[in-house]
Amino acid sequence: MKTLTRSALSLAFAGALSLVGATAATAAPGAHPNQDRITQSSCEADGSTYSFSKGIRSCETTTTETVIDVPRRAAVTPLEGLTYHHGTYHQETTTTTTSTSAQRGKQTPTVTATDPVIEQEWVLDACLRIDNYGTPQSTRYLVDGSECEQRPMYWGDGSGYVRP
């Protein structure tokens, strides 16, 4: 399930803007240090993509950052007979930004950046099955995550359904 929260979006956008500002203040991506020229070798050395079309040299750089958030959250299934499932999840936030440096001739390179793309996802860490739940014969098993993924899971704090 991929969701965006307003605070995470604002925080990531501010971080991306600071990254773009830092990039624009320094040499353009693909430009060799101490030079204001975009070259194929310096662009590709940075892991970026170089292109040349109609007299314009371009170097495109994509940055992706993934942050694993804690604390983890628990999700549970409704009781199925006397069997109950408990899943433990963590949230991953991935921010992707693309910046492009373009240069015609010996002009100063210009840098443009896309708005950051932010994706958040809850990722299953562990799945626990409890048989004979609520009885003295209750047993707990750490099981394959597919057992939790195949069932309707609800956040233990009552805030809603885990997956669409």
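Presented here is an overview of the structure given in this document. (Residues numbered from 1 in each chain as written. Predicted model: local features only at pLDDT ≥ 70, side-chain atom pairs only at ≥ 80, totals over all residues. Heavy atoms only, no water.)

### Description of the state of the cysteines
In protein chemistry, a disulfide is the covalent bond that joins the sulfur atoms of two cysteines.
And then number 1: Inspection of the entire model under this criterion finds 2 disulfides.
And then number 2: One disulfide bridge connects C43 with C59, the sulfur atoms lying 2.2 Å from each other. Here C43 and C59 share a disulfide; its torsion about the S-S bond, 95°, makes the bridge right-handed. Here C59 lies in strand 2 (residues 56-76) and C43 lies in helix 2 (residues 40-45), a separation of 16 residues in the sequence. C59 matches C43 in its accessibility class, with the two residues each being buried.
And then number 3: Here the cysteine-cysteine linkages of the protein chain are recorded as 1-2, 3-4, numbering only bonded cysteines and doing so in sequence order. (Disulfide = S-S within 2.5 Å. Helix = DSSP H or I, 4+ residues; strand = E, 2+ residues; numbered from the N terminus. Buried < 20%, exposed > 50% of the residue type's maximum accessible area, 1.4 Å probe, protein only.)

### Overview of the nonpolar core
And then number 1: Listed in full, the 10 residues of the largest apolar core are A75, Y89, W122, L124, C127, V143, C148, M153, W155 and V162.
And then number 2: Per element, the largest residue contribution to this core is 3 residues, and it comes from strand 5 (residues 117-131). (Core = buried A, V, L, I, M, F, W, Y, C linked by side-chain atoms within 4.5 Å.)

### Focus: the packing of aromatic side chains
Centre-to-centre distance and the angle between the planes together describe a pair of aromatic rings.
And then number 1: Scanning all chains against the criterion turns up 4 aromatic pairs.
And then number 2: Between Y89 and W155 the ring centres are 5.5 Å apart and the planes differ by 80°, which places this aromatic pair in the edge-to-face class. Taken together, the residues Y89 in strand 3 (residues 84-104) and W155 in strand 7 (residues 154-155) connect sequence positions 66 residues apart. Note on accessibility: Y89 and W155 belong to one class, buried.
And then number 3: Put simply, the rings of Y89, W122 and W155 pair up and form one aromatic cluster.
And then number 4: One residue, R73, lies across the ring of W155, its end atom 4.1 Å from the ring centre. (Phe/Tyr/Trp six-rings, centres within 6.5 Å; stacked < 30°, edge-to-face > 60°. Lys NZ or Arg CZ within 6 Å of the ring centre and 35° of its normal.)

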